Amino acid sequence: MDVKIEESWKKQLQDEFEKTYFKQLTEFVRSEYASQSIFPPARLIFNAFDQCPFDRVKVVILGQDPYHNPGQAHGLCFSVNDGVDFPPSLKNIFKEIQSDIGTPIPASGNLERWARQGVLLLNATLTVRAHQAASHQKKGWEQFTDTVIHLVANKLENVVFILWGNYAISKGEFIDAGKHLLLKSVHPSPLSASRGFFGNHQFSRANAYLAENGKKPIHW
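Please read these numbers as outputs of a predicted model, since none were measured by experiment. (Residues numbered from 1 in each chain as written. Predicted model: local features only at pLDDT ≥ 70, side-chain atom pairs only at ≥ 80, totals over all residues. Heavy atoms only, no water.)

**Things to note about the overall build of the protein**
Of the regular secondary structure elements, the protein holds eight helices and six strands. From first element to last, N terminus to C terminus, the protein shows the α and β order α-α-β-α-β-α-α-β-β-α-β-α-β-α. The C-alpha atoms of the protein give 17 Å as radius of gyration, which agrees with the globular expectation for 220 residues (17 Å, within 12%). Along the first, second and third principal axes, the C-alpha set of the protein runs to 45 × 35 × 25 Å. Here the protein holds 220 residues, and 56% of them are scored as buried. By sequence separation, contacts in the protein at least 24 residues apart represent 65% of the contacts at least 6 residues apart. (Helix = DSSP H or I, 4+ residues; strand = E, 2+ residues; numbered from the N terminus. Rg over C-alpha atoms; globule rule 2.2 N^0.38 Å. Buried < 20%, exposed > 50% of the residue type's maximum accessible area, 1.4 Å probe, protein only. Contact = heavy atoms within 4.5 Å.)

**Side note on helix α8 (residues 202-212)**
Listing the buried residues of α8 in full gives Q202, F203, A206, N207, Y209 and L210. In a view along the axis of α8, the buried residues occupy a sector of 160°, so they form one face of it. At its buried positions, α8 is contacted by β2 (59-63), α4 (88-101), α5 (112-115), β5 (160-164) and β6 (181-185). In the segment just after α8, G214 is the residue with positive phi, at about 75°. (Arc of directions from axis to C-beta.)

**Comments concerning the pairing of β5**
By the criterion of burial, β5 is predominantly enclosed, with five of the five residues buried. Burial along β5 is two-sided: V160, I162 and W164 facing one way and F161 and L163 facing the other are all buried. By the bridge criterion, four bridges tie β2 to β5 in an arrangement that is parallel. Across the sheet, residue I61 finds its bridge partner in β5, namely I162. Pairing between β5 and β6: five bridges, direction parallel. Bridge assignment links L163 to a residue of β6, and that residue is K184. Running through helix α7 (residues 165-171), the crossover from β5 to the neighbouring parallel element β6 is right-handed. (Pairing = 2+ DSSP bridges. Right-handed = clockwise from strand over helix to strand, strands pointing away.)

Put into structure tokens, the structure is as follows:
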């Protein structure tokens with residue numbers, strides 16, 4: 001199956017694209033875009049991969065679902081388009097970065113600037129119906145993104161995996177902590193951020209680990 005995705009990822013995932021579940025997933029997603037309001041725009045489903053080639057991945061941040069309100073989602077977890085108000089979790093992420101390493105809160109919530117530095121901003125599910133959170137879960141996306149996590153964990157070295165909340169933490173159970181750095185905490189959502197997200201210093205810890213392993217730190 002010819003999937004429009006960045007070439008290095010296409011090479012890594014080609015076998016996955018030929019599997020029955022992925023073909024069924026593709027049919028489902030196409031029918032949804034044809035009949036419903038779906039986010040992100042179809043051309044941006046694989047934006048996280050397009051912005052961050054496989055061999056440049058230094059950090060993986062795992063989200064769950066794309067934003068489901070108009071104009072927000074553009075294929076990168078936690079990120080929103082330029083000019084869009086920060087959702088609460090993203091607001092808290094920027095607050096922690098400012099507290100941790102002193103970077104001022106930016107004017108834009110567009111995290112493509114992170115992706116271009118090697119941060120794979122991966123949602124476990126890559127599409128969603130408008131105003132219906134979790135509407136595309138258990139359709140096949142999770143199997144696909146689990147494969148992505150396995151590929152990064154098995155083929156690359158000294159990657160930082162940032163896992164927020166129980167769902168993301170469960171996705172990282174098979175990652176070799178001797179080969180990579182796993183940073184875990186509660187989710188940055190207002191419901192949980194004050195119970196261990198604020199003050200976790202994960203951004204400075206990620207950069208220290210990258211530097212120790214001869215990699216350029218991320219300008220958060």
